[in-house]
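# A structural walkthrough
Chain by chain, the residues run as shown.
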Amino acid sequence: MRKAALGNPQNTIEILRKYQFTFQKKFGQNFLIDTHVLDKIIRSAKITKDDLVLEIGPGIGTMTQYLAEAARRVIAVEIDKNLIPILSDTLREYDNVKVINEDILKVDVRKLAEEENEGKPVKVVANLPYYITTPIIMGLFESHVPVDSITVMVQKEVAQRMQTGPGNKDYGALSLAVQYYAEPYIVANVPPNCFMPRPKVGSAVIRLTRHDSPPVQVKDERLLFDIIRASFNQRRKTLANGLRNSGSLDIPREIIVEAIEQLGKGAEVRGESLTLEEFARLSNYIEEKIQ
Ligand code: SAM
């Protein structure tokens, strides 16, 4: 079955009927049925015939067909075993696709890139299952898997959180973590009627292009992220209280006060007003003092 065949809702329904497929809510199954959205995802992911693409959750293979035509090779990881025979059918004309029936959170993507792409960076493209968006994206970044870019459909609010900066209500630990590793760009907003079944929330396609090196230099990445998490754990508290009350950090009170002072901030400052650069300075100061 060739490209664009499944992006048409009638063909999707036909395949679902043929295999008597029932959607599993627990797997976040909302299949794309809009060819314009599919074209846009593929274009914005900037895939070439040199690329190895990792697709997370191919579903019935709708986007996989597009990816197979654009890329050198596609590895598609799907958790639902009921979709595997369907994928064998819808992808039978493509010899550059490998489907793996596994939970993406259990896949060693670094090993996959080693074996399939000589360790070179892969491009990740997916209409993600929304219940595990953050662990998937942070897992790819934090484990330092060779990844060039991640172009994904996510819940609209999550896309906004990834892209926003200080002073915005959506700003938080996810914004800072994503922006430490990558340059986010929201490609398109996508309404519920582009999916089957329709999700209850709005969606957006976001492209995260990995930085060659992080935009700020920190001596201890883990400390930076512990500090960021502690600062946003208690949103209405001051930064000083957030850091003091964190279970994962043990920083003496006077060092916290000094660290905030050297940022040129008052004692009442909240984490949500700090930029990534300020968090980096805070982290480096604390690291030096607690050594
Ligand atoms: N790519 C398809 C499309 O756009 O029509 C399906 C997208 S659907 C939003 C998410 C897909 O991810 C489903 O096929 C679901 O079964 C799969 N999935 C859910 N959890 C997964 C996991 N932990 N690992 C791999 N795939 C998963």
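Look above for the structure.
Residues numbered from 1 in each chain as written. Predicted model: local features only at pLDDT ≥ 70, side-chain atom pairs only at ≥ 80, totals over all residues. Heavy atoms only, no water.

## A look at the packing of aromatic side chains
Counted under the stated rule, the structure contains 9 aromatic pairs. With 5.4 Å between their ring centres and 90° between their planes, Tyr180 and Phe225 make a pair best called edge-to-face. Of this pair, Tyr180 sits in helix H8 (residues 173-181) while Phe225 sits in helix H9 (residues 221-233), and the two are 45 residues apart along the sequence. Phe225 shares its class with Tyr180; the two are buried. (Phe/Tyr/Trp six-rings, centres within 6.5 Å; stacked < 30°, edge-to-face > 60°. Helix = DSSP H or I, 4+ residues; strand = E, 2+ residues; numbered from the N terminus. Buried < 20%, exposed > 50% of the residue type's maximum accessible area, 1.4 Å probe, protein only.)

## Some thoughts on the site of the ligand
Surrounding the ligand, one finds 23 residues, the nearest of these being Leu32, Gly57, Glu78, Asp103 and Tyr131. A distance of 2.9 Å separates a nitrogen atom of the ligand from a polar side-chain atom of Asp103. One of the side-chain N or O atoms of Tyr131 is found 2.8 Å from a nitrogen atom in the ligand. Look at the ligand: alone it shows 590 Å² of surface, and the protein chains cover 99% of it. For the shell around the ligand, the elements supplying multiple residues, two or more each, are strand S1 (31-32) and strand S3 (73-78). Looking at the shell around the ligand, its residues break down into 12 nonpolar, 6 polar and 5 charged. (Near = heavy atom within 4 Å. Polar contact = N/O pair within 3.5 Å; in protein donor to acceptor, adjacent residues only side chain to side chain. Areas by Shrake-Rupley, 256 points an atom, 1.4 Å probe, with all protein chains shown as cover. Nonpolar A, V, L, I, M, F, W, Y, C, P; charged D, E, K, R; others polar.)

In short, geometric facts, not functional conclusions.
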